[in-house]
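Structure assessment
Each chain, letter by letter, is given below.
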Amino acid sequence: MQNKPGLLVVISAPSGGGKTTVIREILKSGDDLFQYSVSATTRKPRGHEKDGVDYYFISEEEFQRRVEAGDFIEWAKVHGHYYGTPRQPIDEAIARGKIIFLDIDVQGGLEVKKQYGDDALLIFIMPPSMEELEKRLRGRKTDSEAEIAKRLAAVPVEIEKSRFYDAVVVNNDLQETVKKVREIVYKTYQAKAGGLKAHD
Ligand code: ADP
Ligand code: 5GP
């Protein structure tokens, strides 16, 4: 079967692992190929988060309605809130040959792989250690102690699932991580488009 030209890039990490920061840095490079998939969530906005930019912040009723309408390619309950990936931007990005980044959890990542196969690249951002992860999560100053405890408790399961990912990148130095992720993305995209092989 002929694959479609675009590429879905799923970036997952334990909370505080750095996925949002890494994606933001990559999108900053201004490559016209890059897009970001804005998820819908029932969680409340934090800090400077903007509706329609970071997430679509919606009610549980609205979320349920959209699930029933088949508006999400996948959805999951993560840390007590609902999150879903809107279908239309994904389908359009693939059809137009774009590279679209999804900041979603491991359950969502595996579901995307199941549905999209080689049209999806799964990258797991691994924190250097639990101590460093906890430090970064607290340093972000956006979550309550209860939220932080919930997020740290989920880490072992998330890391366990990373073995199903296409690539794992340890996030020591941010710029090094961004460079590695960008390289993996371009190689995969080019290999898929029938240009350079993945090992070139
Ligand atoms: P996630 O989106 O995975 O929950 P964030 O991108 O919000 O994580 O990162 C959590 C915190 O860690 C942020 O304050 C961010 O600035 C910081 N951070 C991310 N990557 C690094 C890194 N390589 N070195 C030091 N701090 C980092
Ligand atoms: P946060 O509340 O910190 O922004 O995100 C919490 C978790 O939900 C993160 O692991 C993030 O990747 C995940 N997430 C965000 N959007 C989606 C989505 O649309 N689907 C799924 N499955 N997970 C998501």
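Quantities reported herein were computed from a predicted structural model and do not represent experimental measurements.

**Things to note about the sheet that holds strand β7 (residues 99-103)**
Across the sheet, which stays open at both edges, the five strands sit in the order β2-β7-β1-β8-β9 with parallel pairing between neighbours. In the strand order of this sheet, the two ends are held by β2 (34-36) and β9 (167-170), each with one partner. Each adjacent strand pair in this sheet contributes to an overall mean axis angle of 25°, direction not counted. Helix α1 (residues 19-28) contacts β1 (7-12), β2 and β7 of the sheet and is inclined by roughly 160° relative to β7. On top of the sheet, helix α3 (residues 87-95) reaches β1, β2 and β7; it is set at about 150° to β7, its chief contact.

**A short note on the sheet that holds strand β3 (residues 39-41)**
Here we have four strands laid out as an open sheet, ordered β4-β3-β6-β5, and mixed in their pairing. Strands at the two margins of the open sheet, each flanked by one partner only, are β4 (55-57) and β5 (72-78). Adjacent strand axes in the sheet meet at a mean angle of 25° when their direction is disregarded. Of the strand pairs in this sheet, β3 and β4 are connected by three bridges, and their pairing is parallel. Bridge pairing links Thr-41 to Phe-57 in β4. Packed onto the sheet, α3 meets β5 and β6 (81-86) and runs at close to 35° relative to β6.

**Let's talk about the site of ligand 1**
In the region of ligand 1, 14 residues are neighbours, and Gly-16, Thr-20, Thr-21, Arg-140 and Asn-171 sit closest. One nitrogen or oxygen atom from the side chain of Asn-171 is found 2.8 Å from a nitrogen atom belonging to ligand 1. In the complex, 76% of the free accessible area of ligand 1, which totals 570 Å², lies under the protein chains. Judged by its atoms lying within 2 Å of the grid points, ligand 1 is housed in the largest pocket. When residues of the shell around ligand 1 are assigned to their parent elements, the largest contribution, three residues, is made by α1.

**With respect to the packing of α1 against helix α8 (residues 174-192)**
Following both chains from N to C, one finds α1 and α8 inclined at 65°, their axes separated by 10 Å at the closest point. On the basis of the axis angle, α1 is roughly perpendicular to α8. Here α1 and α8 pass one another in a crossing that is right-handed. Of the residues in α8, those touching α1 at Thr-21, Val-22, Glu-25 and Ile-26 are Leu-174, Gln-175, Thr-177, Val-178, Val-181 and Arg-182.

Each value, and the rule that gives it
Residues numbered from 1 in each chain as written. Chains lettered and ligands numbered in written order. Predicted model: local features only at pLDDT ≥ 70, side-chain atom pairs only at ≥ 80, totals over all residues. Heavy atoms only, no water. Pairing = 2+ DSSP bridges. Helix = DSSP H or I, 4+ residues; strand = E, 2+ residues; numbered from the N terminus. Axes fitted to C-alpha atoms, helices over the stretch in contact; angles between N-to-C directions. Contact = heavy atoms within 4.5 Å. Near = heavy atom within 4 Å. Polar contact = N/O pair within 3.5 Å; in protein donor to acceptor, adjacent residues only side chain to side chain. Areas by Shrake-Rupley, 256 points an atom, 1.4 Å probe, with all protein chains shown as cover. 1 Å grid on protein atoms, 1.4 Å probe; cavity = no way out; pocket = protein on both sides within 12 Å on 5 of 7 lines; lining within 4 Å. Sits in = over half its atoms within 2 Å of the grid points. Parallel < 35°, antiparallel > 145°, perpendicular 65-115°, else oblique. Left-handed = near helix turned anticlockwise from the far one by under 90°.

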